[in-house]
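Listed below are the residues making up each chain.
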Amino acid sequence: MSSENSSADDEQRVWDVVVVGAGPAGASAAYAAAVAGRSVLLLEKAELPRYKTCGGGIIGPSRDALPPGFELPLQDRVHAVTFSLDGKFTRTRRSKQMLFGLINRPEFDQQLVEHAQKAGAELRTGVTVSRVEQHGSAVPDRRTVAVVLQGGEAVLARAVVGADGSASRIGAHVGVKLDQVDLGLEAEIPVPETVAEDWQGRVLIDWGPMPGSYGWVFPKGDTLTVGVISARGEGAATKRYLEDFIARLGLAGFEPSISSGHLTRCRADDSPLSRGRVLVCGDAAGLLEPWTREGISFALRSGRLAGEWAVRIAEAHDAVDTRRQALNYAFAIKAGLGVEMAVGKSMLAAFERRPGMLHAAITSFRPAWRVFAGITRGSTTLGEMVRSHPMAGRALSALDRRSAVAAPTVAESTATTE
C-alpha cells in the first residue's frame, strides 16, 4: 500500500475529491481535479503497475486528451493496416503519416498516475471499495460522501468519481444501465525477431465470422498482442475464432506469455452518469465506442471532464447546485462522446449485417480509407464526420436501412461502393 496519509488521518480528513480506480479514466480525473488545486485521493485495489486486457491502441483523440508534457511509452508506430474478411480478401493500406501508436497498459497507466501525483493527487493502492454512502451514520453532513473500504474504514469526500472499470461498484451505486456487452479474448505472444520485423509498423484487422466480431494483431517490439471480440453469449465461438485466428497467422507454435479475457460494457442511452455527489466515467459509466469497442480515448476524455465537474460539485453548498453541476457534466459527456457513441451504434448495426460492404469500402474506396485514417490520427471523430459531412450522415442512415437486406458478395460490394 502506498499513501502519504495514515489510515487514521484519512478517517478524519474530508477530501475535496476521491477517485476510485487508477486506470486511464481515474488517473485523468485525479489529474484534472488536482491541477485545479483541490485535495485529491486516488484509490486503486491493485498494486501498480498491473496488466489489463487491452489492445493498447492510442488513437488521435487519446493522444490529444493526455496531460501536458506526457510522453507516450510507444512500443510501435503504425503506418499500415492490413484488412481481411474472416481471413480472406486481404489488402493492406499504407500512410506516410503515423496512424496511431501502440502501448503496453501497465507502463501507460503507471505514467498517467504519476502525472496525477505530480499535480498533487495522493495515491493509495491495495484497497478495495465496498460501497459508497451519501446518507447514514458514516456521513457527517449533506455535503459529504463516505467511500467505505473493505474492512470498514470510511474515506470522506465532497465529491466522488467512480472509475473502477466495467464491473464498477460505483456504477452500481449510480445505477448505470447497460445496452451492449461484449467479450474480448486476448493473447500476448512473444515471437522471434524475424517474425517481429514482419509486423513492425503494421497492424491487422480481421472482420470476424460472428456478427459484429473482429480480430486484431498489434505489434509491440518482440511481442504480438492478438485478440478477438464479439457479443457476450458467443463464448465458445469467440474462443474458436481466437484459436483459428492465431493458427491462420502461423502463430500457434508460440506460447503466449499472457492469455486473458474481458467484458466490455456499453451504456444505454438513458443511463445516469451521476447520483448526488457521485459521478462515473470511463468503463464504469459504460462509455466506449460501440462498434470498435475502443475505450481508452473515452476513458481519458470522460475522466478529465469528471475531474473538472467533481471540483464544481465539491464546491456546491446545497443539493440544487450539486444537481445543476451533475447535469452539466452529463450534458458535456452527451454532447461529445454521446454523439460518437450514437454514430458507433449505427456503424455496428450496419457492420453486423454487411461486413463485406464495410471491408470493400475501406480497402477499395479512397474516401472511406481517408475517414478511417482521419479518425485514427485524430483529425476527426465519428461524431464530427457526421456533423461536418451531411452526405456521410445520409450514407450511414441509408446503409443502416439497407443492412436489413441480405449481404452481397465482396465483389458486388466493391462494385456498388465504387
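Structure's up top.
Source: prediction; values computed, not measured.

### Topic: the overall build of the protein chain
A tally of helices and strands in the protein chain yields 14 helices and 18 strands. A separation of at least 24 residues holds for 75% of the contacts in the protein chain among residues at least 6 apart in sequence. Looking at the protein chain as shown, the accessible area adds up to about 17,800 Å², and 51% of this sits on carbon and sulfur atoms.

### A short note on unusual backbone geometry
Of note, the bond from Leu-48 into Pro-49 is cis; its omega dihedral lies within 30 degrees of zero at -5°. Among the secondary structure elements, Pro-49 is positioned in the loop between strand 2 (40–44) and strand 3 (57–58). Even without a glycine there, the phi angle at Phe-89 is positive, about 55°. With respect to the helices, strands and loops of the structure, Phe-89 is situated in strand 6 (residues 88–94). Relative accessible area serves as the criterion here: at 48%, Phe-89 is assigned to the partly exposed category. At Arg-293, a position not held by glycine, the phi torsion is positive, near 60°. With respect to the helices and strands, Arg-293 occurs in the loop between strand 18 (278–280) and helix 8 (296–315).

### Here's the deal with the pattern of salt bridges
If you walk through the whole model with that rule in mind, you get 17 salt bridges. The residue Arg-38 makes a salt bridge to Glu-315 at a minimum N-O spacing of 2.0 Å. Here the residue Arg-38 occupies a position in the loop between helix 2 (24–35) and strand 2, and Glu-315 occupies one in helix 8, the gap between them amounting to 277 residues. Look at Arg-38 and you get partly exposed, because its relative accessible area is 25%. In this structure, the salt-bridge partner of Asp-64 is Arg-63, at a minimum N-O distance of 3.5 Å. Beyond isolated ion pairs, a larger network of salt bridges with shared partners links Glu-44, Arg-50, Arg-105 and Asp-109.

### Describing the sheet that holds strand 7 (residues 100–102)
If you trace the three strands from one edge of the open sheet to the other, you get 3-7-4, paired in antiparallel fashion. Looking at the sheet topology across the chains shown, the edges are occupied by strand 3 and strand 4 (76–78). Bridge count for strand 4 against strand 7 is three bridges, and the pairing is antiparallel. Bridge pairing in strand 7 links Arg-77 to Gly-101.

### Section: the nonpolar core
Membership of the largest hydrophobic core comes to 71 residues, with the highest contact counts inside it found for Val-18, Phe-108, Val-147 and Tyr-329. Tallying contributions element by element places helix 8 first for this core, with eleven residues. If we ignore the near neighbours within four places in the chain, the residues touching Val-147 are Val-18, Val-20, Leu-43, Val-129, Arg-131, Glu-153, Ala-154, Val-155 and Val-160. Formed by 28 residues, the second largest nonpolar core is a distinct cluster that contains Leu-85, Phe-218, Trp-369 and Ile-375.

### Describing the sheet that holds strand 12 (residues 178–190)
Taken in spatial order, the seven strands line up as 6-5-13-14-15-12-16 in an open sheet, and their pairing is mixed. Looking at strand neighbours, the two that pair on one side only are strand 6 and strand 16 (258–267), the edges of this open sheet. Taking the axes of each pair of neighbouring strands and ignoring which way they run, one obtains an average angle of 20° across the sheet. In the sheet, strand 12 pairs with strand 15 (residues 223–231) via nine bridges, with the strands oriented antiparallel. Across the sheet, Asp-182 pairs through a bridge with Ala-231, a residue of strand 15. With respect to the sheet, helix 7 (residues 235–248) is in contact with strand 12, strand 13 (202–207), strand 14 (214–220) and strand 15, its orientation differing from that of strand 15 by roughly 150°. Contacting strand 12, strand 13 and strand 16, helix 9 (residues 319–353) crosses the sheet at an angle of about 110° to strand 16.

The rules behind these values
- Residues numbered from 1 in each chain as written.
- Predicted model: local features only at pLDDT ≥ 70, side-chain atom pairs only at ≥ 80, totals over all residues.
- Heavy atoms only, no water.
- Helix = DSSP H or I, 4+ residues; strand = E, 2+ residues; numbered from the N terminus.
- Contact = heavy atoms within 4.5 Å.
- Areas by Shrake-Rupley, 256 points an atom, 1.4 Å probe, with all protein chains shown as cover.
- Buried < 20%, exposed > 50% of the residue type's maximum accessible area, 1.4 Å probe, protein only.
- Salt bridge = Lys/Arg side-chain N within 4 Å of Asp/Glu carboxyl O.
- Pairing = 2+ DSSP bridges.
- Core = buried A, V, L, I, M, F, W, Y, C linked by side-chain atoms within 4.5 Å.
- Axes fitted to C-alpha atoms, helices over the stretch in contact; angles between N-to-C directions.

Geometry only, nothing functional implied.
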